[in-house]
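Here is how the chains run, residue by residue.
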Amino acid sequence: RAVRSRPGGKKLACRPADYAPGAVISRLQEDSAISSEVQVKTGVCRGGPVAKGIHPVIVASHAFAANRTLYTSLAADLASRGFIVAAVDHTYEAFAVEFPDGSMAEGVYGGPINASDVAPAGLSDLEAVRSDDASFALTFVNGLSKRKSSPLWRHVDRAHSGIFGHSLGGATSFEVAHDDARFDASVNLDGEVWNSGLAPTNLATPHLLLLSEGALRDTF
């Protein structure tokens, strides 16, 4: 058991959280051509109490052929600022997903470094599936807030939810905020909007688009 401090100096006993299950890390090492064992310290622990009060939910959507673990530092930072972060693995697109029973589903598009080429129409289809994934994740987390057996019981602000994503996940964030009215804010990190059939989004919903120099910024 590790000891962590919380604001005010009170000590919390909790277990250090692994970066990812061993099988997923092995798959990432294989994709990255790294031969030596890799240890990533997350600075995150498991089993600590949820902060008092209610907190808005942010759903996180990863890049094409990546997975949620690659955004651990960003998710941890958001959580440290008072958000409940639900990071989604888009199964069979993500390079590897390990389920609670220990079984693993490998992606069909390679990994984040050697991902397959997919035409815009195919990316649009994936974006629609991802949108359903994100809505399901929010429904699930909201449901946990109603269960006395859940650590999130009475801690979820069901009136305020947001979504952020990177690359294809960023494009997904815009579509989710368009399709699911429960999301009242979205952040797109360097992602094109592949689904050109979207009707104009309600401008009362804030959307943040961040583009890196020399990449999609030139496209837009």
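In what follows, the structure referred to is the one given above.
For the structure given in this document, a descriptive report is provided here. Since we're looking at a predicted model, the values are computed, not measured.

Quick word on the side chain of histidine 55
Line of reasoning, step 1. Examined against the element boundaries, histidine 55 turns out to sit in strand β4 (residues 55-61).
Line of reasoning, step 2. The exposure class of histidine 55 is buried, given its relative accessible area of 11%.
Line of reasoning, step 3. A distance of 3.5 Å separates a polar side-chain atom of histidine 55 from the backbone oxygen of glycine 53.
Line of reasoning, step 4. At 3.3 Å, the side chain of histidine 55 and the backbone oxygen of glycine 82 are in polar contact.
Line of reasoning, step 5. The contact partners of histidine 55, leaving out residues within four places of it in the chain, are Val50, Gly82, Ile84, His155, Val156 and Asp157.

Some thoughts on the pairing of strand β9 (residues 183-189)
Line of reasoning, step 1. Sheet topology places strand β8 (residues 156-166) next to β9; five bridges connect them, and they run parallel. By the bridge assignment, phenylalanine 164 is partnered in β9 with valine 187.
Line of reasoning, step 2. Chirality of the crossover, the property in question, places the unit of β8, helix α4 (residues 168-179) and β9 among those that are right-handed.
Line of reasoning, step 3. Relative to strand β10 (residues 207-210), β9 is paired through four bridges, and the arrangement is parallel. Bridging across to β10, serine 186 finds its partner in histidine 207.

What about empty space enclosed by the protein?
Line of reasoning, step 1. Summed over the entire model, instances satisfying the criterion amount to two cavities of 30 Å³ or more.
Line of reasoning, step 2. For the largest cavity, the calculated volume is near 60 Å³.
Line of reasoning, step 3. Taken together, Ala60, Ser61, His62, Arg68, Tyr71, Ala75, Ala87, Val88 and Phe164 make up the lining of the largest cavity.
Line of reasoning, step 4. Secondary-structure elements contributing two or more residues to the lining of the largest cavity are β4 and β5 (84-88).
Line of reasoning, step 5. Taken together, the residues that form the lining of the largest cavity break down as six nonpolar, two polar and one charged.
Line of reasoning, step 6. Taken as a whole, the second largest cavity spans an internal volume of roughly 30 Å³.
Line of reasoning, step 7. Lining the second largest cavity are Pro21, Val24, Asn67, Arg68, Thr69, Asp89, Ala96, Val97 and Glu98.
Line of reasoning, step 8. When residues in the lining of the second largest cavity are grouped by element, the largest group, three residues, is from strand β6 (residues 96-98).

Some remarks on the sheet that holds β8
Note: strands within a sheet are paired through backbone hydrogen bonds, in either parallel or antiparallel orientation.
Line of reasoning, step 1. On the basis of which strands lie adjacent, the open sheet formed by five strands has the order β5-β4-β8-β9-β10 and parallel pairing. Sheet topology places β5 and β10 at the edges, where each strand pairs with a single neighbour. Within this sheet the neighbouring strands show an average axis-to-axis angle of 15°, counted without direction.
Line of reasoning, step 2. This element, helix α3 (residues 120-144), spans β4, β5, β8 and β9 of the sheet and lies at about 150° to β4.
Line of reasoning, step 3. The sheet strands contacting α4 are β4, β8, β9 and β10, and the helix crosses β9 at an angle near 160°.

What counts and how
- Residues numbered from 1 in each chain as written.
- Predicted model: local features only at pLDDT ≥ 70, side-chain atom pairs only at ≥ 80, totals over all residues.
- Heavy atoms only, no water.
- Helix = DSSP H or I, 4+ residues; strand = E, 2+ residues; numbered from the N terminus.
- Buried < 20%, exposed > 50% of the residue type's maximum accessible area, 1.4 Å probe, protein only.
- Polar contact = N/O pair within 3.5 Å; in protein donor to acceptor, adjacent residues only side chain to side chain.
- Contact = heavy atoms within 4.5 Å.
- Pairing = 2+ DSSP bridges.
- Right-handed = clockwise from strand over helix to strand, strands pointing away.
- 1 Å grid on protein atoms, 1.4 Å probe; cavity = no way out; pocket = protein on both sides within 12 Å on 5 of 7 lines; lining within 4 Å.
- Points joined across faces, edges and corners; volume = space filled by probe spheres on them.
- Nonpolar A, V, L, I, M, F, W, Y, C, P; charged D, E, K, R; others polar.
- Axes fitted to C-alpha atoms, helices over the stretch in contact; angles between N-to-C directions.

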